[in-house]
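Residues per chain, in single letters:
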Amino acid sequence: MQTWETLPEICKVVVLNVPIEKVWDAIATSEGIAAWWMSNTFEPVLGKDFILHAGPYGDSPCKITELDPPNRVCFDWDKEWHLTFDLKKLEGGKTEFTLIHSGWTVEKSKVRETMDGGWGKILKENLPAYIES
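Attention now moves to the packing of aromatic side chains. Under the defined criterion, the tally for this structure stands at 13 aromatic pairs. Measuring from centroid to centroid gives 6.4 Å for Trp-37 and Phe-75, while their planes differ by 35°, and the two rings are tilted. Linking Trp-37 in the loop between α2 (30-36) and β2 (49-53) with Phe-75 in strand β4 (residues 72-77), this pair joins segments that are 38 residues apart in sequence. Grouping residues by exposure puts Trp-37 and Phe-75 together as buried. Seen from their ring centres, Phe-85 and Phe-97 are 5.4 Å apart, and the 65° between their planes marks the pair as edge-to-face.

What follows covers the nonpolar core. One finds Ile-27, Trp-36, Trp-37, Trp-77, Phe-85, Phe-97 and Trp-119 to be the most contacted residues of the largest nonpolar core, which totals 36 residues. Among the elements that take part in this core, helix α3 (residues 109-131) stands out by supplying six residues, more than any other. Those residues in contact with Ile-27 that lie beyond four places of it in its chain are Ile-33, Trp-36, Val-73, Phe-85, Leu-87 and Phe-97.

Bringing the sheet that holds strand β6 (residues 95-102) into the picture now. Ordered by their spatial adjacency, six strands build an open sheet running β1-β6-β5-β4-β3-β2, and the pairing between neighbours is antiparallel. At either end of the open sheet lies a strand with only one pairing partner, and these are β1 (10-16) and β2. Across this sheet, the average inter-strand angle for adjacent strands is 25°, counted without regard to direction. The pairing of β2 with strand β3 (residues 59-68) spans five bridges and is antiparallel. Bridge pairing links Asp-49 to Lys-63 in β3. Along the sheet, helix α1 (residues 20-27) makes contact with β1, β3, β4, β5 (81-89) and β6, crossing β5 at roughly 165°.

Here is what the cut-offs are and how they apply
- Residues numbered from 1 in each chain as written.
- Predicted model: local features only at pLDDT ≥ 70, side-chain atom pairs only at ≥ 80, totals over all residues.
- Heavy atoms only, no water.
- Phe/Tyr/Trp six-rings, centres within 6.5 Å; stacked < 30°, edge-to-face > 60°.
- Helix = DSSP H or I, 4+ residues; strand = E, 2+ residues; numbered from the N terminus.
- Buried < 20%, exposed > 50% of the residue type's maximum accessible area, 1.4 Å probe, protein only.
- Core = buried A, V, L, I, M, F, W, Y, C linked by side-chain atoms within 4.5 Å.
- Contact = heavy atoms within 4.5 Å.
- Pairing = 2+ DSSP bridges.
- Axes fitted to C-alpha atoms, helices over the stretch in contact; angles between N-to-C directions.

Okay, here's the thing in structure tokens:
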């Protein structure tokens, strides 16, 4: 039996200066996700299959595994990854957004390193620029 050594999940947290409902629209609609991350065929339906269009990396099959509006959406991405988008309502009309990207094996350590940096940029720049405008 073969076992795979796993790497820690990627976890990023950002506080956005908008209400939770606005963040939910950005993370749980096809248009919202396309505006700050990548084009897709996402529909907020539990168990629904969808595609992330990753440009030069091709299309990635995904499946929604958890849906709890307006607090959480989770989905499998390709065969090995899992993404969790968690929202927490804060005082003053702000929202805490936590992204967890899990499913990393040692064989994917270089990809994980790249994705860790990419998620940092996406959540600190792309998402706030879209959602707070």
